[in-house]
Structure formats: C-alpha cells, structure tokens
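# Per-entry structural report
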Amino acid sequence: YSLFSIHYSRNGFTLLELVLSLGIIVILVAAAIFIIDPIKQFAKGRNNERRSHLQLILGAVGQNIFDNKGAFNCSSGAVPTSTARMASSTGNYHIAPCLVPTYLESLPYDPATSGARYASEADYDTGYYIVRNATTGRVTVSAPAAELGEGISITR
C-alpha cells in the first residue's frame, strides 16, 4: 500500500437490497395474515364462548329441575313450549330470578348481539333462546347470532 492508494470499503446496504428485503417481509406478513385469518379466529372464539354460555344456562336449568324433583321451579312459569328469548323485557321469558344467584352468579349473554347484557335480575337480555319440547320435556337453548354459518343449540 502506498500513501496515495485509495481503499474503498462497503458499509451498509444498497437501495436495491433494502427494497428487496422489505418486499420479502411484506409478502411474508401478508401470507401470515391470510393463513391466520384473525377475523375468522375471533368469530370462532365468540362461537366457543356462546357454546360455553349455553352449557352454563342449561346446566343451571337442569340443576333447578333436579332440586325440585323433576319440575322447573320459576316465578315466570314453566319453560315455554314455543321458542322465547331469555330477557327481562315484556314478551320474553324472564328466567334470571329462577337461576340467579342460586345456580349462576349472573346470566351469561351473547358476546356480539347488540343490546345483550346483564345488569341485574331485572335488567338483562341474554341474546339466547330457550324452548321445552311439549312431548319429551327436553329443554333446548340456542344462540341465533352464531357466526360463520354455525347453528349453535344444546338440548337436554
């Protein structure tokens, strides 16, 4: 090496290398989002929550029937033989006083139905439905707002 020789060192990345790297990252992220499909995963999660809620409600109804030697004991009367929404408002089946607090701490409600809530035994709307088969006596609870085209109902 002489005093006058010029030595170039290559530090950093070229613009082309940066653009290609970012392009590859964007493609990988897009593919991951497409594969994971977060919207569908959240909908599946809400449907699982609905199934769990229906199990809780039906379990509480079953326990009430068991405790009362085969008859559902409720100030609102027997479980209706035509499908009714479980809510405190007029025209619905007012089931909360029959289950809360003896069998459930509070009534579960649909995670995505507009207006579904549980404030108290006198102010609630589960977003779920209940019906009793008049012939067999079996009780069915259902979640009409289930997502992804699923029909969620449980009968006992």
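Preceding this paragraph is the structure being described.
Summarised in this report is the structure supplied together with it. (Residues numbered from 1 in each chain as written. Predicted model: local features only at pLDDT ≥ 70, side-chain atom pairs only at ≥ 80, totals over all residues. Heavy atoms only, no water.)

Moving on to the overall build of the protein chain. For the protein chain, the count of helices and strands is three helices and five strands. Radius of gyration (C-alpha) of the protein chain: 29 Å, far over the 15 Å computed for a compact globule of 156 residues. The principal-axis extents of the C-alpha atoms in the protein chain amount to approximately 105 × 30 × 30 Å. Split into buried and exposed, the 156 residues of the protein chain put 30% on the buried side. Within the protein chain, contacts between residues at least 6 apart in sequence are counted, and of these 56% link residues at least 24 apart. Here the protein chain has roughly 10200 Å² of accessible surface; of this, 60% comes from carbon and sulfur atoms. Side chains of the protein chain give 12 positive and 11 negative charges; the mean places of these two sets differ by 7 Å. (Helix = DSSP H or I, 4+ residues; strand = E, 2+ residues; numbered from the N terminus. Rg over C-alpha atoms; globule rule 2.2 N^0.38 Å. Buried < 20%, exposed > 50% of the residue type's maximum accessible area, 1.4 Å probe, protein only. Contact = heavy atoms within 4.5 Å. Areas by Shrake-Rupley, 256 points an atom, 1.4 Å probe, with all protein chains shown as cover. Lys, Arg positive; Asp, Glu negative; His and termini not counted. Charge placed at Lys NZ, Arg CZ, Asp CG, Glu CD.)

This part is about the nonpolar core. Ranked by size, the top nonpolar core spans 28 residues in total, and within it F72, I95, L99, L107 and I130 carry the most contacts. Top element by residues in this core is helix α2 (residues 38-67). It accounts for five residues. Those residues in contact with F72 that sit more than four places away from it in its chain are V61, N64, I65, G77, V79, Y93, I95, C98 and L99. (Core = buried A, V, L, I, M, F, W, Y, C linked by side-chain atoms within 4.5 Å.)

Our next topic: the environment of R138. With respect to the secondary-structure elements, R138 resides in the loop between β3 (123-132) and β4 (139-143). Taking the relative accessible area as the measure of exposure, R138 reaches 44% and is therefore partly exposed. Separated by 43 residues in the primary sequence, R138 and I95 place their C-alpha atoms 17 Å from one another. Setting aside residues no more than four positions away along its own chain, R138 makes contact with V131, R132, N133, T155 and R156.

This next bit is on unusual backbone geometry. Omega for the peptide link from V100 to P101 comes to 0°, which places this bond in the cis form. Phi is positive for D37, which is not a glycine, with a value near 50°. Mapped onto the fold, D37 is located in the loop between α1 (15-36) and α2. In this structure, L148 takes a positive phi of about 65° despite not being glycine. If you trace the backbone, L148 turns up in the loop between β4 and β5 (152-155).

Inspection of every chain in the model, using the stated rule, returns six salt bridges. A salt bridge links D123 to R117; its shortest N-O distance comes to 2.7 Å. The exposure class assigned to D123 is partly exposed, which follows from its relative accessible area of 31%. (Salt bridge = Lys/Arg side-chain N within 4 Å of Asp/Glu carboxyl O.)

So yeah, pure geometry; function would need other evidence.
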